[in-house]
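Chains, contacts and geometry: an overview
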Amino acid sequence: MTFNRNRAAIDVLDKRLRTAASRLLPLAEGYGQHDPQTLKLLFANDAERSAQFSLTVDELHLDYSKSLIDSTALAALVELAEACGMQGAIGALLRGAKINPSEGRAALHTSLRSPLAANAPHAALVGETLTSMREFVDSVHSGTWTGYDGRAIETIINLGIGGSDLGPAMVVDALADFALETPDVHFVSNVDPAHLTRTLAELDPATTLFVVASKTFGTLETLTNARSARDWLIAASDEAAVARHFVAVSANVAAACEFGIEQSNIFPLWDWVGGRFSLWSAIGLPIALAIGFKAFDELLAGAHAMDTHFETAPLQENLPVMSALLAYWYREYGASPSTAVVPYSQDLGLFPAYLQQLYMESLGKSISREGAVLTQRTSEIIWGSAGTNGQHSYFQQLHQGTEFTPVEFIAFATASVDSADERHRHLLANCLSQSMALMNGDEAGADVGEENWDPQKTIKGNRPSTTLLIKQLSPHNLGSLIALYEHKVFALSVLWNINAFDQWGVELGKRLSKDVYAALSEPARSSKSAQTASTLDESTRALVHKINSWRVPR
Ligand code: F6P
C-alpha cells in the first residue's frame, strides 16, 4: 500500500526546499562560511515569531521558534507532507490497514489505548485483555495471589528485552512518584549473567514473581534468563512453584506453555502490535503492577488524546507532523547526522534510550515501501541523556563542534517532588539558557575589541533547538508524550516512504551468534570446533581463539 505519493509535486517541493536550505542552513561542506546571524535575523524580522512557531496541545507546549527555518520553508514542508499523502497514511494507520508490507500486518498500537466505546479495531479483544490484566494486578496488590509458602508477592521481575523492556522500564522509572508501596518492580534484559544474578541476589524466591515478556517467546536473552530464573525458584522450592511465580506476555502461547507457564497465566499479544509500540498492551503489566491500574488507564488516556490530535489536527497545527517535518528538514537539507534529545528531568532519564529503539529500529531503513533502494538519507542517530548532566558531558560539542546537532529539550513546568522549588527553578533556568546559548552564541570577540579577540572562546551560536514544555509529569501527560514520538516516527516514515514496522536488520546477528556460541562452547582442539570455526571469518576466529585461551568458566 503506497500512501498516494504525488511524485511530481514532491520533486517540485524538493527544489523549493533546497533553495530555502541554501539560505537558512549551514551546509556541511561550507560550514563556518554560513551567516551566524540567521536565527537572530529570523527573530528580528518577525516580532510574532515565538508565538507563530509554537504549538500547544492540552498540557504540552512545543516552542520550535529557535529552529533554522522560516515560514516560507515551513509552508513548503507542510505541502510536502500533503504530497506524501500524510492524511491518508494517518487514516490507514488508525483503521488497521496492512501498512507493514514486508510482514503483511497492520500496526494498531492505537487500538490498545482507545476507549472501548470508540469501537477501534479489535476493541473487544483489547477490552478482555485489560480486564484480565486488571484482575491479575488486583490479585497481586490485594495479596490474594500468593507464592509457594502462602506469602504475598513483594517483588516483580520483568524478563524481556527491546520493546519488551525499554518502554515499561522507562515508564516505571518516570512514574516512580506514582508507584504503590508494593510490589517493587525490576527489569532484567541483558543475557550478561551479571544482570539477573545481581538483581536476584537480595531477593526471596517465595515473594518474587517473574513476568516473561516476549512477543515471539523466542528471544535468546529472555528465554535464557527465564530458564535461569526458573532454576533459581525451583532450587528454593519445587517445579509446582512455577505456576505461582511465573506469568508470560506473548503472541506465542504454545511456546510459553512448553516453557512451563500455565495457560491461564499467559496474557496475549498480537501480530498487529509492534514490539517497540507495545507498552500499552499486556507488555505494560509491570507498569500497572508498579503504579496501579487507575494510573495505567490514565497513561492510556493520555496516549489516546494524542492519537485524536494526530488524526484530526490540520497538518500545520499537528504536533507529531510538525516535529517530523523539522527532523526531515535538518536530515535531508542540513545533513545533520544526529539529533540530541535532552529531557531536563531525571524522571525521564531513560527516555532517550527508549526513543533510540522506537526511532532507529523503525526508521533505520534504506529500502522503500515498494522495495526500491532509497536515494535519500533516512533516520538520523538519536541520542541524549537527562539535563543538566549533559551540560557537563557533551554540550561542549553542541556549542563549538564543527557541525550543528539539533537539540530537543523537554521540561516540566512543575517539579515532580515537593519542597524542591529552588532546585527545580535552577533546572528550568539551565534548560532555557542552553537553548539561548545555542541560538545566540557568545560574541566573545565583540566586547573585548578585535586585538583581544580569542577564537577559542567564541561561541558562534545559530544552532537550532526546540523546547517541549509539559505542565507537569503525570501518567496522562507521559502517555501523550510517548504517543507524540510514536506518531512523529510514523510521520517520518511517510515522508521517507519506508516501512516503520519491521526490523529485518536485527535478525542476521541473531543467526550468526549460533555459530559463534558453538565455537565458544567446544574444546579448543576438537574436530567439531575446527569445523565450526571454519564458518567464521578470520578476525572472529582469532577472537574466539583468544577468548578460549583466556576465559575461565565460572
Ligand atoms: O530488537 C529486535 C526485537 O524483535 C524487537 O523488535 C523486540 O522488541 C525485541 O527484539 C524483543 O522481541 P520479543 O518481544 O519477541 O522477545
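Residues numbered from 1 in each chain as written. Predicted model: local features only at pLDDT ≥ 70, side-chain atom pairs only at ≥ 80, totals over all residues. Heavy atoms only, no water.

1. Section: the domain arrangement of the protein
Taken as a whole, the protein is organised into domain 1 (7–97 + 313–443 + 457–496), domain 2 (109–294) and domain 3 (506–550). Taken over C-alpha atoms, the centre of domain 1 sits 43 Å from the centre of domain 3. (Domains from an automatic or database assignment.)

2. Quick word on the side chain of Ser164
Note on placement: Ser164 falls in the loop between β3 (155–159) and α7 (166–174). The buried category is assigned to Ser164, whose relative accessible area is 9%. With sequence-adjacent residues up to four places away left out, Ser164 is seen in contact with Asn158, Ala213, Ser214, Lys215 and Ile283. (Helix = DSSP H or I, 4+ residues; strand = E, 2+ residues; numbered from the N terminus. Buried < 20%, exposed > 50% of the residue type's maximum accessible area, 1.4 Å probe, protein only. Contact = heavy atoms within 4.5 Å.)

3. Points about the pairing of strand β5 (residues 208–213)
Most of β5 is tucked away, with six of its six residues classed as buried. The two faces of β5 match: Thr208, Phe210 and Val212 on one face and Leu209, Val211 and Ala213 on the other face are all buried. In this structure, β3 lies alongside β5, joined through five bridges in parallel fashion. Bridge pairing in β5 places Ile157 opposite Phe210. Bridging between β5 and strand β6 (residues 246–250) involves four bridges; their strand directions are parallel. (Pairing = 2+ DSSP bridges.)

4. Some words on the pairing of strand β4 (residues 184–188)
Here β3 pairs with β4 via five bridges, running parallel. When the bridges of β4 are listed, Thr155 appears paired with Asp184. Following the chain from β3 across α7 to the adjacent parallel β4, one finds a crossover that is right-handed. (Right-handed = clockwise from strand over helix to strand, strands pointing away.)

5. Notes on unusual backbone geometry
Note that the residue after Thr182, namely Pro183, is joined by a cis bond; omega there is 5 degrees. Following the sequence through the fold, Pro183 ends up in the loop between α7 and β4. Between Gly387 and the following residue, Thr388, the backbone shows a cis peptide bond with an omega angle of 15 degrees. Tracing the sequence through the fold places Thr388 in the loop between β9 (381–383) and α16 (395–400). Not every positive phi belongs to a glycine, and Ala335 is a case in point at roughly 55 degrees. You can see Ala335 is positioned in the loop between α14 (319–333) and β8 (338–343). On the accessibility criterion, Ala335 (28% relative accessible area) is partly exposed. Of note in this structure, Asn462 is not a glycine but carries a positive phi near 60 degrees. With respect to the helices, strands and loops of the structure, Asn462 is situated in the loop between α17 (421–440) and β11 (465–470).

6. Looking at the packing of aromatic side chains
Aromatic ring pairs are defined here through the distance separating the ring centres and the angle between the ring planes. Within this structure, the stated rule accounts for 21 aromatic pairs. Ring plane angle 5 degrees and centroid distance 4.8 Å describe the contact between Trp270 and Trp272, whose orientation is recorded as stacked. Under the relative-accessibility criterion, Trp272 is labelled buried at 8%. Ring plane angle 50 degrees and centroid distance 5.2 Å describe the contact between Phe277 and Phe501, whose orientation is recorded as tilted. A residue pair is termed long-range when its members are at least 10 positions apart, and Phe277 in the loop between β7 (266–268) and α12 (285–291) and Phe501 in the loop between α18 (475–496) and α19 (507–521) qualify at 224 residues. Here the two residues Phe277 and Phe501 agree in accessibility, since each one is buried. (Phe/Tyr/Trp six-rings, centres within 6.5 Å; stacked < 30°, edge-to-face > 60°.)

7. Looking at the pattern of salt bridges
Opposite charge on two side chains permits pairing when their charged atoms draw close. Tallying each qualifying case throughout the model produces 18 salt bridges. One salt bridge connects Arg16 with Glu79, and the closest N-O pair in it is separated by 3.0 Å. With Arg16 in helix α1 (residues 7–24) and Glu79 in helix α4 (residues 71–83), this residue pair connects regions lying 63 residues apart in the sequence. Of the residues examined, Arg16 reaches a relative accessible area of 39% and is grouped as partly exposed. Of the charged contacts, one joins Arg134 and Asp297 as a salt bridge, the two residues approaching to 3.4 Å between their closest N and O atoms. Highlighted residues: Arg134 in helix α6 (residues 123–142) and Asp297 in helix α13 (residues 293–312), separated in sequence by 163 residues. Since its relative accessible area comes to 28%, Asp297 is described here as partly exposed. (Salt bridge = Lys/Arg side-chain N within 4 Å of Asp/Glu carboxyl O.)

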